[in-house]
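Spelled out from the first residue to the last, the chains are:
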Amino acid sequence: MKTSIRDQDMPVVGFAGMTHLGIVSAASTADKGFRTVCYSPDADLTGRLTKGLLPVNEPGLDEIVAANAERLVFSSDLGSLSACDLVYIAIDVPTNDAGRSDLGPIRALIEDVTHILKPDGLLVILCQVPPGFTRAIDGVPPGRLYYQVETLVFGRAVVRATNPERTILGCADPSAPIDARLERLLAAFECPVLAMRYESAELAKIAINCCLVSSISVANTLAELCEAIGADWSEIVPALKLDARIGPQAYLAPGLGIAGGNLERDLATVIQLSEAHGTNTDVVRAWLTNSRHRRDWAATTIRSVLLSKKLGARVAVWGLAYKENTHSIKNSPSLWTLSHLPDTGFVVHDPVVPVSSADHPHATGVENPVEALAGADALMILTPWPQYRAISPTDIAKALSGRIVLDPYGVLDQRQAWQAGLDYYTLGLPHERINGSA
């Protein structure tokens, strides 16, 4: 490996855990010029990573890993981290169906790393943990222990990791100077660093996600009202984004509820803390209720407009991932929809998720999305992958045997869909208006 003078002057950074979080964070660190050691106990995984064979789908990740191959070292030897000036604990946090986190793997990894950490090495927790977790860690002096909030988004993780809006850093004493090695690393990302106590940083991540959930719930609630009264939610959104109190990047697109696992985990954490301390979380429970209600939209609609009228109907499905540009299927609305239609025949396409993930007795996969339309009575676009936007409603109408299209995320142009003769259903707009009867 070639080492530049710039590399020699910089701290060596370690990442323990080569899941989505660890791989993206390590690659972005190497991209800032730091020698980066990446540890996983899985020798097969680290071998594939060394060859550039990544286990996650993330736009730009393959390129950034390849561009920084000389700075990235992948190893299944825990001792490789002993040469690092600071080590991030960076594994994804598994959650159950109720959104509760399993912190066991994180605790086990922390214990392993603390045993080999160099005497003056820093430990930084990058995983999302509940308030109180970091301060309870034994084996690392408080002055060498930090908690850093991760705000990656599936499908946009590389952009957010390399160009963060700010860094939220939990410290034992936020009034004390940040260790110079960590300060140098964070400075390379050229964004404000907000130092605060451990508990505040841990809760800050949850607060961010609660605000996102609030926006999603507002969009879903009012978009459904639009469908009933003849309003068009897409006409309202620009007015909200031009309001300085809401902003241009607000989560205002309606969808099939909250998915992906991260937001659900934080809502579950808030409820759990509330139950322990006797505070009120009615609004959080209402968000969950609204999310589950909206998640049912695709299954309810396809039953109403097709399955209740035609026995043995065949449905094409585009998308299994919980959102575009990711392989993740955690709490996927698409998989949930298919699982609640067990007797329906589906032909499925997803660019990265295999049809076996659907675990459905009557689902088959195809390599091309248009191929899925042949002989199908309806199409459901349940993940808004960019390649689906490139397929015109006219081409869909030609290939589809029926006329019904369910497009909750508005992948297709609504007017073009109507002009192509499709019986088109989307969120936030009345079906009758689209078809010219209102």
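Residues numbered from 1 in each chain as written. Predicted model: local features only at pLDDT ≥ 70, side-chain atom pairs only at ≥ 80, totals over all residues. Heavy atoms only, no water.

Remarks on the overall build of the protein chain
On a plain count of helices and strands, the protein chain comes out with 17 helices and 14 strands. Here the C-alpha atoms of the protein chain give a radius of gyration of 24 Å, agreeing with the 22 Å that 2.2 N^0.38 yields for 438 residues. Taking the principal axes of the C-alpha coordinates as reference, the protein chain spans close to 70 × 50 × 40 Å. The buried share of the protein chain, taken over its 438 residues, is 53%. If you take every contact in the protein chain between residues at least 6 apart in sequence, the share linking residues at least 24 apart comes to 69%. With an accessible surface of roughly 19,300 Å², the protein chain has 53% of that area assigned to carbon and sulfur atoms. (Helix = DSSP H or I, 4+ residues; strand = E, 2+ residues; numbered from the N terminus. Rg over C-alpha atoms; globule rule 2.2 N^0.38 Å. Buried < 20%, exposed > 50% of the residue type's maximum accessible area, 1.4 Å probe, protein only. Contact = heavy atoms within 4.5 Å. Areas by Shrake-Rupley, 256 points an atom, 1.4 Å probe, with all protein chains shown as cover.)

Observations regarding the nonpolar core
One finds Ile302, Trp318, Phe346, Leu379, Met380, Ile396 and Val405 to be the most contacted residues of the largest nonpolar core, which totals 50 residues. Mapped by element, the contributors of at least two residues to this core are helix H12 (297-307), strand E9 (314-318), helix H13 (333-339), strand E10 (345-349), strand E12 (378-381), helix H15 (393-399), strand E13 (404-406) and strand E14 (423-425). If you tally residues by element for this core, the top one is H12, at six residues. Once you skip the residues sitting within four places of it in the chain, Val405 turns out to touch Leu379, Ile381, Ile396, Leu400, Leu412, Leu422, Asp423, Tyr424 and Tyr425. Listed in part, the 40 residues of the second largest apolar core include Leu72, Leu182, Leu185 and Leu186. (Core = buried A, V, L, I, M, F, W, Y, C linked by side-chain atoms within 4.5 Å.)

Concerning the packing of aromatic side chains
Using the criterion set out here, one finds three aromatic pairs in the structure. Between Phe15 and Tyr88, the aromatic rings sit 4.9 Å apart at their centres with planes inclined by 5°, giving stacked as the arrangement. Within this pair, whereas Phe15 is found in strand E1 (residues 13-16), its partner Tyr88 is found in strand E4 (residues 86-89), the two being separated by 73 residues in sequence. According to the relative accessible area criterion, Tyr88 is buried, its value standing at 4%. (Phe/Tyr/Trp six-rings, centres within 6.5 Å; stacked < 30°, edge-to-face > 60°.)

Brief notes about helix H10 (residues 262-277)
Counted at 1.5 Å a residue, the expected span for H10 with its 16 residues is 22 Å, and the 23 Å between its end C-alpha atoms agrees. All buried positions along H10 are accounted for by Leu263, Glu264, Arg265, Asp266, Leu267, Ala268, Thr269, Val270, Ile271 and Ser274. Looking at the buried residues of H10, the elements they touch are helix H8 (198-229) and helix H11 (282-295). (Expected span 1.5 Å × (residues − 1).)

Details of the sheet that holds strand E5 (residues 122-125)
Read from one edge of the open sheet, eight strands run E3-E2-E1-E4-E5-E6-E7-E8, paired in mixed fashion. A single partner strand is all that each edge strand has here, and the edge strands are strand E3 (72-75) and strand E8 (193-197). Each adjacent strand pair in this sheet contributes to an overall mean axis angle of 25°, direction not counted. As paired elements, E4 and E5 share four bridges and run parallel to each other. Following the sheet pairing, Ile89 is matched in E5 by Ile125. The sheet contacts of helix H2 (residues 20-31) involve E1, strand E2 (36-39) and E3, and relative to E1 the element is tilted by about 170°. Together, E1, E2, E4 and E5 form the strand contacts of helix H5 (residues 104-116), whose direction differs from that of E4 by roughly 165°. (Pairing = 2+ DSSP bridges. Axes fitted to C-alpha atoms, helices over the stretch in contact; angles between N-to-C directions.)

Things to note about the environment of Asn280
Position of Asn280 among the secondary structure elements: in the loop between H10 and H11. Within the local environment of Asn280, its side chain forms a polar contact with the backbone nitrogen of Asp282, the two atoms lying 3.0 Å apart. (Polar contact = N/O pair within 3.5 Å; in protein donor to acceptor, adjacent residues only side chain to side chain.)

A word on the pairing of E9
E9 sits mainly inside the fold: four of its five residues count as buried. When E9 meets E10, the two strands line up parallel, connected through five bridges. Residue Trp318 lies in a different strand from E10, and its bridge partner there is His349. Read from E9 through H13 to E10, the crossover connection turns out right-handed. (Right-handed = clockwise from strand over helix to strand, strands pointing away.)

Here's the deal with the pairing of E1
Going residue by residue along E1, you find Val13 and Phe15 tucked away on one face and Gly14 and Ala16 tucked away on the opposite face as well. Taken together, the four bridges between E1 and E2 define a ladder with parallel strand orientation. Bridged to Phe15 within E2 is Cys38. Crossover E1 to E2 through H2 is right-handed.

A word on unusual backbone geometry
Even without glycine at this site, Glu190 takes up a positive phi of about 50°. Residue position: Glu190 is located in the loop between helix H7 (180-187) and E8.

A closer look at the environment of Ala390
Within the element layout of this structure, Ala390 appears in the loop between helix H14 (386-389) and H15. A relative accessible area of 69% places Ala390 in the exposed class. The spacing of Ala390 and Leu412 is 22 residues in sequence and 8.8 Å in space, taken between C-alpha atoms.

Don't take any of this as a statement about function, it's just geometry.
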